[in-house]
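Working through the structure, step by step
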Amino acid sequence: MTSFNRSTSRRLKKLTQIPSIWEGDRRPLSSSQTQPSESDESKGECILWVDGSQGIVRGMDVVSPELGPEAIVRTLMRAMEHPHSPAKPARPQRIVVKDREIQFYLRGVLQDLDIAIDYTPELPLIDELFRSFADILDSQIPDLPPQYAQILREKAFATWEAAPWEFLEEQQILSIEINKWDVGTIYASVMGMLGMEYGILFYRSEDSLKRFRADVLRDEESGQGLEEAFLKQDCLFLTFEQIDEDEDEDEDLAELPLSEIEPTFGNIHPLEGLRSVLYDEEALVVFVALESLLRFVRDYRHQLYEDDFPAINRRYRISLPHPDEDTKSVSVTVSTMPELAAELEEMAGFDISDEDDIDSTAFHSLRDDLIPEDSFLSLGVISWEMLESLRQEVHYHPADVINQVGDGLPVILIQTSRPKAKTVIEKIETAEGLKAICFNPGTDPFDGDRYDLGLLQTNNQELFLFGEFLDNDPIHVEARKKWNQRCKNTQGYCGLIISKGLTGASRGNPQLKDMMALFEARSLRPEDLGIGTLQLMPEMEFE
């Protein structure tokens, strides 16, 4: 058995011994009925040392259930040397406990301190304190109604795995018509495409959604009032966070395993503020909204990946958990809202089709002799820090002041050999520099394949083909979705990087030392370019 060293025993014996009887015990600190059983261990055990003669708590600790009997001694030492106010440092004449194992353990450890250790079947003062703790816990409102807690968490994790933020942008709103529990239609806004916050906001009105967007845009310009705008929302929410907040904050939540993700439900209202608690009817509304949203994105995932937000609506019958006699299910209609999405994009200034500095329709020809055939090509992004380094280290052709929002500048990377890279750079410079980057539809009338054609527009109005991508390639579809969102963040600015090192160790992953030129440009939509769908002709050229 572990015992005090001699110097500690001498120090404790110097404390004044008072004629008091102290009660000591160690018990689970959990509510008896209202708290989920899985939370008992996380709440730990409470160690209490109480002066029964004076009726005061001298020491208290909450510890892990796995800790051994040494924990109760550590709390006792603090109760003697550093007690809670108003108690003074002292050691008791007698200690009583209701656990035989604790009694025998303390007798061995405290044998040199002249303290009697006795057993009693009842500890009246500690019993009353623990009853008070239980009453407090029982009076606490759980984050989720107990009867809906498990099913809501299951729907939350199903939402995380469905990852609607991979193909739905925040302004691409889904209306969910419920018409139950005094709720008519709610409006779902999916967060996460920017890789910063993940979740879904369920607005109770279209007006609340629009007002919040307008307030945020106004306050971003002034730098004030963002918190007030946030608290003026009228919505229910589901958000996702990392369980261990001490981990690397720069790590994208989407890259973490499911075991490290924690869903949080709650409500925001201008008069209530934010609360991470759902009451019964709110829990049912969120359950129905999540279930119908999951079914909708399952049924129309491919269509929602398209560049244009399609007009779709679908009715679902949702069975309720714990149904009553009157209501066993509800009929729900989920619809996309393309007109609202366009309105929100216009509000945010995403529409660049009417920019005066882009002459979108004028071009002389479409050529495919700029990019070498064996080049490595990728759509990606470079961080803002990397952009500054590139501007200092390579041939740099600036565009304009770029709005540095999001995770970085969207770029097209072309990697080839050093001689061929120099040739590509010289050709672009001869064509008066790069003006714009665009993806335009193309078709092969012979086999029916549809393509997404990557085009470079130079300042002398020539168009160069840099890539042909199958329109239904899921990898390219996802890359294009991210490209579009990033270009919206930068208000239409993007870049082209020309790199060497195709046959070296950095093939497919060029480093800063391999990069030879950066051309900043504007991103155009197909309608901005105005050339329509291009067709593959027999001579194997798109026209």
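Conventions we followed
- Position numbers for residues count from 1 along each chain, tracking the sequence in the order it is written.
- Reporting in this predicted model follows two pLDDT cut-offs: at least 70 for local features of residues, and 80 or more for side-chain atom pairs to be given and counted; totals over whole chains, interfaces and linings ignore these cut-offs and use all residues.
- Heavy atoms from the whole structure form the basis of all side-chain values; hydrogens and water molecules are not counted.
- Orientation is described by axes fitted as lines to C-alpha atoms, over the contacting stretch for helices, and by angles from 0 to 180 degrees between their N-to-C directions.
- Where helices and strands are cited, they refer to DSSP runs of H or I of at least four residues and of E of at least two residues respectively, numbered from the N terminus.
- Any angle that is under 35 degrees is reported as roughly parallel, and any over 145 degrees as roughly antiparallel; angles of 65 to 115 degrees are reported as roughly perpendicular and all others as oblique.
- Two helices crossing with the near one rotated counterclockwise from the far one by less than a right angle form a left-handed crossing, whereas a clockwise rotation gives a right-handed crossing.
- In what follows, residue pairs with any heavy atoms lying within 4.5 Å of each other are defined as contacts.
- Side-chain classes are defined by residue name, with Ala, Val, Leu, Ile, Met, Phe, Trp, Tyr, Cys and Pro counting as nonpolar, Asp, Glu, Lys and Arg as charged, and the others, Gly among them, as polar.
- To define a nonpolar core, start from buried Ala, Val, Leu, Ile, Met, Phe, Trp, Tyr and Cys residues and group those joined through side-chain atoms within 4.5 Å.
- Burial classes: relative accessible area under 20% of the type maximum marks a residue as buried, over 50% as exposed, and values in between as partly exposed (1.4 Å probe, protein chains only).
- Any pair of Phe, Tyr and Trp rings, taking the six-membered ring for Trp, is counted once the centres come within 6.5 Å. Such a pair is stacked with planes under 30 degrees apart, edge-to-face with planes over 60 apart, and tilted for the rest.
- The rule for a charge over a ring is simple: NZ of Lys or CZ of Arg within 6 Å of the ring centre, and within 35 degrees of the ring normal.
- Strand pairing is assigned whenever DSSP identifies at least 2 bridges connecting the two strands.
- The directions from the helix axis to the C-beta atoms are what the arc is built from.
- When the strands point away from the viewer and the path from the first strand over the helix to the second turns clockwise, the crossover is right-handed.

So, on to the packing of helix α1 (residues 6-13) against helix α3 (residues 70-81). Where α1 meets α3, the axes come as close as 11 Å, and the angle between the chain directions of the two elements is 40 degrees. In terms of axis orientation, α1 runs oblique to α3. α3 is crossed by α1, and the crossing has left-handed handedness. From α1, Thr-8, Arg-11 and Leu-12 reach across to α3, where they touch Met-77, Met-80 and Glu-81. Across the contact of α1 with α3, the residue classes break down as 3 nonpolar, 1 polar and 2 charged.

Moving on, we get to the nonpolar core. Core analysis: the largest hydrophobic core is formed by 53 residues, its most contacted members being Leu-152, Ile-176, Phe-202, Phe-240, Phe-265 and Val-288. Top contributing element to this core by residue count: helix α9 (residues 280-304), with 13 residues. What Phe-240 contacts, discounting residues up to four positions off in sequence, is Ala-156, Thr-159, Trp-160, Trp-165, Tyr-198, Gly-199, Leu-253, Ile-261, Glu-262 and Pro-263. By size, the runner-up hydrophobic cluster in this structure holds 26 residues, among which are Ala-79, Ile-102, Tyr-105 and Val-109.

So, on to the packing of aromatic side chains. The tally for this structure, following the rule as stated, stands at 9 aromatic pairs. Ring geometry for Trp-160 against Tyr-198: centres 5.5 Å apart, planes inclined by 70 degrees, an arrangement best described as edge-to-face. Here Tyr-198 lies in strand β8 (residues 198-203) and Trp-160 lies in helix α6 (residues 146-162), a separation of 38 residues in the sequence. Judged by its relative accessible area of 3%, Tyr-198 falls in the buried class. Ring centres 5.2 Å apart and planes at 70 degrees place the aromatic pair Trp-165 and Tyr-198 in the edge-to-face group. Here the residue Trp-165 occupies a position in the loop between α6 and β6 (174-180), and Tyr-198 occupies one in strand β8, the gap between them amounting to 33 residues. Each member of the pair, Trp-165 together with Tyr-198, is buried. Grouped by ring-pair contacts, the aromatic residues Trp-160, Trp-165, Tyr-198 and Phe-240 constitute a single cluster. The positively charged end of Arg-100 is found above the aromatic ring belonging to Tyr-119, 3.7 Å away from the centroid. Sitting over the ring of Tyr-493, Arg-522 keeps its end group 4.2 Å from the ring centre.

Moving on: the sheet that holds β6. In space, the 8 strands of this open sheet follow the order β11-β10-β9-β8-β7-β6-β13-β12, with antiparallel pairing throughout. The open sheet has two edge strands, β11 (273-275) and β12 (313-319), and neither has a second partner. Going from strand to strand, the sheet's axes swing by 25 degrees on average, the running direction of each strand aside. In this sheet, strand β13 (residues 329-336) lies alongside β6 in antiparallel orientation, the contact comprising 4 bridges. Considered in β13, the bridge of Ser-175 is made with Ser-335. Sheet strands touched by α6: β8, β9 (235-242) and β10 (261-269). Its angle to β10, the strand with the most contacts, is close to 110 degrees. In this fold α9 packs onto β6, β7 (183-191), β8, β9, β10, β11, β12 and β13, with an angle of close to 135 degrees to the strand it touches most, β12.

In this section: the pairing of strand β17 (residues 409-415). Of all 7 residues making up β17, 7 are buried, and the element is well covered by its neighbours. Where burial is concerned, the two faces of β17 agree: the one with Leu-409, Val-411, Leu-413 and Gln-415 and the one with Pro-410, Ile-412 and Ile-414 are both buried. Sheet topology places strand β15 (residues 376-382) next to β17; 7 bridges connect them, and they run antiparallel. Considered in β17, the bridge of Ile-382 is made with Leu-409.

One open sheet holds the 5 strands; their spatial order is β3-β2-β1-β4-β5, and the pairing between them is mixed. Strands at the two margins of the open sheet, each flanked by one partner only, are β3 (56-63) and β5 (116-119). Between one strand axis and the next, the sheet turns by 20 degrees as a mean value, whatever way the strands run. Bridge count for strand β2 (residues 45-51) against β3 is 7 bridges, and the pairing is antiparallel. Note on β3: the bridge partner recorded for Ile-47 is Asp-61. Docked against the sheet, α3 engages β1 (17-28), β2, β3 and β4 (91-97), running at close to 145 degrees with respect to β3.

Turning to helix α11 (residues 384-393), its buried residues are Trp-384, Leu-387, Leu-390 and Arg-391. Seen along its axis, α11 keeps its buried residues to an arc of 110 degrees; they face one direction. In α11, the exposed positions that point more than 90 degrees away from the buried face belong to Glu-385, Gln-392 and Glu-393. On its buried face, α11 is in contact with β15, β16 (395-397), β17, β21 (493-499) and β22 (515-524).

Here the focus is the side chain of Gln-103. Looking at the secondary structure, you find Gln-103 in helix α4 (residues 100-109). For Gln-103, the residues in contact, after removing those within four places along its chain, are Val-97, Ile-117, Asp-118 and Tyr-119.

Among the 7 residues of β4, 5 are classified as buried, and the element is accordingly described as predominantly covered. The pairing of β1 with β4 spans 5 bridges and is parallel. From the neighbouring strand, Trp-22 faces β4, where its bridge partner is Ile-95. Note: β4 against β5, 4 bridges, orientation parallel. Following the sheet pairing, Ile-95 is matched in β5 by Ile-117. With α4 bridging β4 and its parallel neighbour β5, the resulting β-α-β unit is right-handed.

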